[in-house]
Amino acid sequence: MKIAVLPGDGIGPEIVAQAVRVLEVLTSDGMKFELETALLGGCAVDATGNPFPEETRKLAIEADALLLGAVGGSQYDELPREKRPERGLLSIRKDLNLFANLRPVMLYSELEDASTLKPEVISGLDILIIRELTGDIYFGEPRGIKLHDDQRLGFNTMIYSEAEIYRIAHVAFRVARKRNKKLCSVDKMNVLECSQLWRDVVIEVSQEYRDVELSHMLVDNAAMQLVLEPKQFDVIVTGNMFGDILSDEASMLTGSIGMLPSASLDDKNKGLYEPIHGSAPDIAGKNIANPLATILSVAMMLRYTFNHEEAAVRIENSVKKVLAQNYRTRDICEPGMKEIGTAEMGDAVLKNL
Ligand code: NAD
């Protein structure tokens, strides 16, 4: 099992170091991982001038899975767009065809008070958002800003081919089948032709998964329902832009950005695994970042790429135990809890593992 390790920028190296320790424990228990580290993002710009260097690209293609910290920092904001750290991330997703982004949004009972929503609305919350990641208005052409009738005109193209919708719909139905067999497809078909096609194709695919209950929701309503009654959902599937917005909204239901992992998969379950948060430059190098989202990303890697459900559950249970033992990093700490640092949180997880 070859894993490309991409620590990235800011808190990336600190949190990835803890996740690598988890892989080392599993290795000593008999699983075989080959880890190789490479540069992506701002650190790659500093070293090579390119946020996604050729060497990293080669490793990314060879590896079965990739573990990423986060990329970015304000010192790169003035660079041309193609030299910015975020371009490294967009390129790696596009080059590896990582079209299916899976974001579980799960609330640990110990952290119910971290949410801004009432406990009865969110307690026991466990939903999964699947966002299409390589199409839609983010990549559609034509795009640009041009002069028209003496004024500037900004334009982008929202576009999906049926093949793109088929493949993300299949992923969504397969994942829904492994959970509670409930899938909600989110679109804006009352106004957008692109969404009409999305809905038509999802309905076609549903014929192959008659055991999964399919529903549809307009994106504006979905945004509202996610805060009104989030537990009505199990699996949500949607396009790139709607998914970008809804998954951030949903992640905040849990109140703790440092707890949520994600996976971006291709059609053979090769995946890039990363926490949903950014590089948090404000706390980098201080040993206070929460490494749990990155550690939980390793659990997702074992589940989705390596098919080791047992090891995935083992990691997730270790995280649950650590929280039950009242250990907290600063971002999730409340009065009466034991505040510990990044490395000590790694120690605590390892001990339970
Ligand atoms: P951010 O997620 O980095 O930070 C938002 C807030 O959450 C900050 O206060 C930060 O300290 C806190 N935070 C984030 N992760 C944490 C953790 N693990 N433990 C404790 N606290 C944590 O978002 P931002 O500040 O908007 O962006 C910072 C940089 O990260 C930018 O350059 C941005 O482009 C980049 N970014 C990268 C990714 C990615 O690599 N996938 C995603 C989002 C943002």
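Just so you know, these numbers come straight off a predicted model, no measurement behind them.

(A) Spotlight on the site of the ligand. In the vicinity of the ligand, 19 residues are found, and the nearest of them are Val71, Glu86, Gly278, Ala280 and Asn290. One of the side-chain nitrogen or oxygen atoms of His277 is found 3.1 Å away from a nitrogen atom of the ligand. At 2.9 Å from a nitrogen atom of the ligand is found a main-chain nitrogen or oxygen belonging to Asn290. Look at the ligand: alone it shows 810 Å² of surface, and the protein chains cover 67% of it. Grouping the amino acids of the shell around the ligand by side-chain chemistry returns nine nonpolar, six polar and four charged.

(B) Quick peek at the packing of aromatic side chains. Per the stated rule, a full pass over the model turns up three aromatic pairs. Stacked on the ring of Phe99, the Lys or Arg Arg167 has its end atom at 4.0 Å from the ring centre. Over the ring of Tyr327 we find Lys338; its NZ or CZ atom is 4.7 Å from the centre of that ring.

(C) Examining the packing of helix H11 (residues 309-324) against helix H12 (residues 342-352) more closely. The N-to-C vectors of H11 and H12 enclose an angle of 115°; their axes lie 8 Å apart at closest approach. Remark: the crossing between H11 and H12 carries right-handed chirality. Together, Ser318, Lys321 and Val322 of H11 and Met345, Ala348, Val349 and Asn352 of H12 make up the contact between the two elements. Here the residues of the contact of H11 with H12 sort into four nonpolar, two polar and one charged.

(D) How the structure looks around empty space enclosed by the protein. On inspection of all chains with the given rule, the structure shows two cavities of 30 Å³ or more. Of the volumes computed, that of the largest cavity is approximately 80 Å³. Contributing to the lining of the largest cavity are Asp136, Met158, Tyr160, Val186, Asp187, Cys194, Ser195, Trp198, Thr238, Gly239 and Phe242. Contributions of two or more residues to the lining of the largest cavity are made by strand E8 (182-187) and helix H7 (193-206). With three residues, H7 is the largest single contributor of residues to the lining of the largest cavity. Each residue belonging to the lining of the largest cavity can be placed in one class, and the counts come to six nonpolar, three polar and two charged.

Criteria and cut-off values
Residues numbered from 1 in each chain as written. Predicted model: local features only at pLDDT ≥ 70, side-chain atom pairs only at ≥ 80, totals over all residues. Heavy atoms only, no water. Near = heavy atom within 4 Å. Polar contact = N/O pair within 3.5 Å; in protein donor to acceptor, adjacent residues only side chain to side chain. Areas by Shrake-Rupley, 256 points an atom, 1.4 Å probe, with all protein chains shown as cover. Nonpolar A, V, L, I, M, F, W, Y, C, P; charged D, E, K, R; others polar. Phe/Tyr/Trp six-rings, centres within 6.5 Å; stacked < 30°, edge-to-face > 60°. Lys NZ or Arg CZ within 6 Å of the ring centre and 35° of its normal. Axes fitted to C-alpha atoms, helices over the stretch in contact; angles between N-to-C directions. Helix = DSSP H or I, 4+ residues; strand = E, 2+ residues; numbered from the N terminus. Left-handed = near helix turned anticlockwise from the far one by under 90°. Contact = heavy atoms within 4.5 Å. 1 Å grid on protein atoms, 1.4 Å probe; cavity = no way out; pocket = protein on both sides within 12 Å on 5 of 7 lines; lining within 4 Å. Points joined across faces, edges and corners; volume = space filled by probe spheres on them.

Function-wise, these values are silent; they only describe arrangement.
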